[in-house]
Amino acid sequence: MREGKPEVLVTRKLPPAVEARLAQDYAPRFNPEDKLYSRDELLSRAAGVDAILPCHTERFGADVIEALPASVRIIANFSVGYDHVDVAAARDKGITVTNTPDVLSDATAEIAMLLMLGAARRASEGERLVRAAEWRDWSPAFMVGIQMTGKRLGIIGMGRVGQVLAKRARGFEMTVHYHNRRPLAAEAAADAIFHDSVEDLLPHCDFLSLHCPATEETRHLLNAARIALLPDDAVVVNTARGAIVDDDALIAALRSGKLAAAGLDVFNNEPDIHPGYRDLSNAFLLPHIGSATRETRDAMGFRALDNLDAFFTGREPDDRVA
Ligand code: 8YV
């Protein structure tokens with residue numbers, strides 16, 4: 001490392017307390033306008049820096065990693081997901097990669113719960129009606145949705161967020177079923193029922209919530225064949241990554257009425273999502289705000305800084321993924 005404080009390219013605007021700590025301990029290059037950098041802008045701004053602190057909005061494919069200046073030694077992500085980084089390419093180039101697990105589990109589980117309730121109880125449809133002054137009458141047949149209390153919740157990916165959601169769901173007297181690469185230890189699983197394949201899990205899901213990372217193996221995991229295994233009128237929610245869902249299949253199932261509703265916070269090709277979602281009244285759509293709380297944004301920033309601090313003082317960062 002060169003003399004003086006390490007230089008850090010911070011790709012997006014971060015909470016004031018996080019930027020203050022960065023300014024104290026590092027020589028940061030901030031992005032006060034919070035502008036999304038193009039690939040070329042990112043590379044030119046990275047000239048000479050020791051570290052990059054990016055969000056999931058910046059893509060570090062093998063070509064970008066290859067083109068990064070040799071000065072860059074660590075990519076300390078402000079995100080738990082790191083599918084935007086080609087970790088194999090980073091490893092090959094000797095670049096350390098870290099993420100921010102744990103600190104966003106509560107916030108993301110809250111949004112999963114919001115999506116489940118909002119989708120099942122037709123929240124956005126009702127809200128649009130009221131705002132557009134189109135609510136004119138009431139009858140017992142008006143805006144009837146699906147009750148969540150006491151239903152079966154299926155969770156794919158029983159990691160940190162999945163486990164918090166399972167806890168919250170028990171408050172709604174839901175029975176939790178899950179699929180994970182491995183069954184959880186008895187204490188963590190509590191009364192959740194393990195299924196050793198997605199196919200085995202799906203018929204037990206009145207509600208299905210996706211919590212696995214986006215990888216080659218999970219791409220389009222929820223496809224037409226698997227949706228067909230869900231009970232009729234199931235509700236699907238996704239707070240993980242859009243890539244896990246085959247959009248055409250999900251949209252077809254929402255259109256045909258096979259599924260009662262879907263709640264989505266993440267999409268393929270954000271923010272240019274599949275246009276088919278936009279006019280579906282049974283889709284409750286949010287703009288990737290799973291971890292967008294004041295508390296969690298600060299905690300994510302501090303966690304990314306803890307990783308940088310460890311790296312630049314010769315310790316192993318707690319959240320090293322490459
Ligand atoms: C973050 C997320 O807001 O951390 C993640 O993986 O998907 C989001 O909740 C975003 O990635 C920040 O970069």
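Residues numbered from 1 in each chain as written. Predicted model: local features only at pLDDT ≥ 70, side-chain atom pairs only at ≥ 80, totals over all residues. Heavy atoms only, no water.

J.: Mind laying out the sheet that holds strand E2 (residues 27-29), listing which residues take part and the relevant values?
T.: Taking strand neighbours across the sheet as the criterion, the 5 strands line up as E2-E1-E3-E4-E5 in an open arrangement whose pairing is parallel. Here the strands that pair on one side only, and so sit at the sheet edges, are E2 and strand E5 (96-98). Neighbour to neighbour, the strand axes of the sheet diverge by 20 degrees on average, direction disregarded. Pairing of strand E4 (residues 74-76) with E5, which is carried by 3 bridges, proceeds in the parallel orientation. In the strand pairing of E5, Ile74 is matched with Thr96. Contacting strand E1 (7-10), strand E3 (51-53), E4 and E5, helix H12 (residues 294-312) runs over the sheet at an angle of about 160 degrees to E4. (Pairing = 2+ DSSP bridges. Helix = DSSP H or I, 4+ residues; strand = E, 2+ residues; numbered from the N terminus. Axes fitted to C-alpha atoms, helices over the stretch in contact; angles between N-to-C directions. Contact = heavy atoms within 4.5 Å.)

J.: Describe the pairing of strand E11 (residues 259-264), listing the residues and the values that go with them.
T.: In terms of burial, E11 is largely enclosed, as 5 of its 6 residues are buried. Bridge count between strand E10 (residues 234-238) and E11: 5 bridges; the pairing is parallel. In the sheet register, Val235 faces E11, and the bridge partner there is Ala261. The parallel pair E10 and E11, bridged by helix H11 (residues 247-256), forms a crossover whose chirality is right-handed. (Buried < 20%, exposed > 50% of the residue type's maximum accessible area, 1.4 Å probe, protein only. Right-handed = clockwise from strand over helix to strand, strands pointing away.)

J.: Give me the packing of aromatic side chains: which residues, what numbers.
T.: For the structure on display, the rule yields 4 aromatic pairs. Seen from their ring centres, Tyr178 and Phe194 are 5.4 Å apart, and the 55 degrees between their planes marks the pair as tilted. One end of the pair, Tyr178, is in strand E7 (residues 175-179); the other, Phe194, is in strand E8 (residues 193-195), with 16 residues separating them in the sequence. Look at Phe311 and Phe312: their rings are 5.0 Å apart centre to centre, the planes differ by 90 degrees, and that puts the pair in the edge-to-face class. Put simply, the rings of Tyr26, Phe311 and Phe312 touch in pairs and so form one group of aromatic residues. (Phe/Tyr/Trp six-rings, centres within 6.5 Å; stacked < 30°, edge-to-face > 60°.)

J.: I'd like to hear about the site of the ligand, residue by residue, with values.
T.: As a matter of local geometry, the ligand sits amid Cys55, His56, Phe78, Ser79, Val80, Gly81, Leu104, Arg241, His288, Ser291, Arg297 and Met300. Within the backbone of Phe78, an N or O atom sits 2.7 Å from an oxygen atom of the ligand. Within the side chain of Ser291, one N or O atom sits 2.6 Å away from an oxygen atom of the ligand. Contact with the protein chains removes 93% of the 320 Å² of surface that the ligand exposes when unbound. Residue composition of the shell around the ligand, by class: 5 nonpolar, 5 polar and 2 charged. (Near = heavy atom within 4 Å. Polar contact = N/O pair within 3.5 Å; in protein donor to acceptor, adjacent residues only side chain to side chain. Areas by Shrake-Rupley, 256 points an atom, 1.4 Å probe, with all protein chains shown as cover. Nonpolar A, V, L, I, M, F, W, Y, C, P; charged D, E, K, R; others polar.)

J.: If you had to explain the pairing of E1 to someone new, which residues and values would you point to?
T.: Note on strand geometry: in a regular strand, side chains alternate between the two faces of the sheet. Strand direction decides the pairing type here: E1 and E2, joined by 3 bridges, are parallel. Looking at the pairing, Glu7 lines up with Ala27 of E2. Handedness of the crossover is the feature at issue here: the chain leaves E1, passes through helix H1 (residues 16-25), returns alongside E2, and the resulting connection is right-handed. Examined bridge by bridge, E1 and E3 share 3 bridges and lie parallel to one another. Residue pairing in the sheet places Val10 in a bridge with Leu53 of E3.

J.: Tell me about the packing of helix H5 (residues 105-120) against helix H7 (residues 160-170), and name the residues and values.
T.: A packed helix pair is summarised by two numbers, namely the angle formed by the two axes and the spacing between the axes. Put simply, H5 and H7 touch, their axes get as near as 8 Å, and they point 55 degrees apart. On the basis of their axis angle, the class for H5 and H7 is oblique. For the crossing formed where H5 meets H7, the hand is right-handed. On H7, the residues touching Ser105, Asp106, Thr108, Ala109, Ala112, Met113 and Met116 of H5 are Arg160, Val161, Val164, Leu165, Arg168 and Ala169. Residue classes in the contact of H5 with H7 are distributed as 8 nonpolar, 2 polar and 3 charged. (Parallel < 35°, antiparallel > 145°, perpendicular 65-115°, else oblique. Left-handed = near helix turned anticlockwise from the far one by under 90°.)

J.: Any details on the domain arrangement of the protein? Residues and values, ideally.
T.: If you check the domain split of the protein, you get domain 1 (7-103 + 294-312) and domain 2 (105-285). Each of domain 1 and domain 2 has a C-alpha centre, and these two points are 31 Å apart. Listed by partner, the interface residues are 7 residues for domain 1 and 6 residues for domain 2. Here domain 1 and domain 2 share an interface that buries about 540 Å² over both sides, 40% of which is from carbon and sulfur atoms. Of all residues in domain 1, the largest losses of buried area upon contact with domain 2 belong to His56, Asp83 and Asp102, amounting jointly to 66% of the total for that side. Across the domain 1-domain 2 interface, the total number found is 2 salt bridges. Asp102 serves as the salt-bridge partner of Arg160, at 2.7 Å between the closest nitrogen and oxygen. Along the contact surface separating domain 1 from domain 2 lie 3 residue pairs in polar contact (both at pLDDT 80 or more). In terms of residue class, the side of domain 1 that touches domain 2 is built from 2 nonpolar, 3 polar and 2 charged. (Domains from an automatic or database assignment. Buried area = accessible area lost by both parts, 1.4 Å probe. Salt bridge = Lys/Arg side-chain N within 4 Å of Asp/Glu carboxyl O.)

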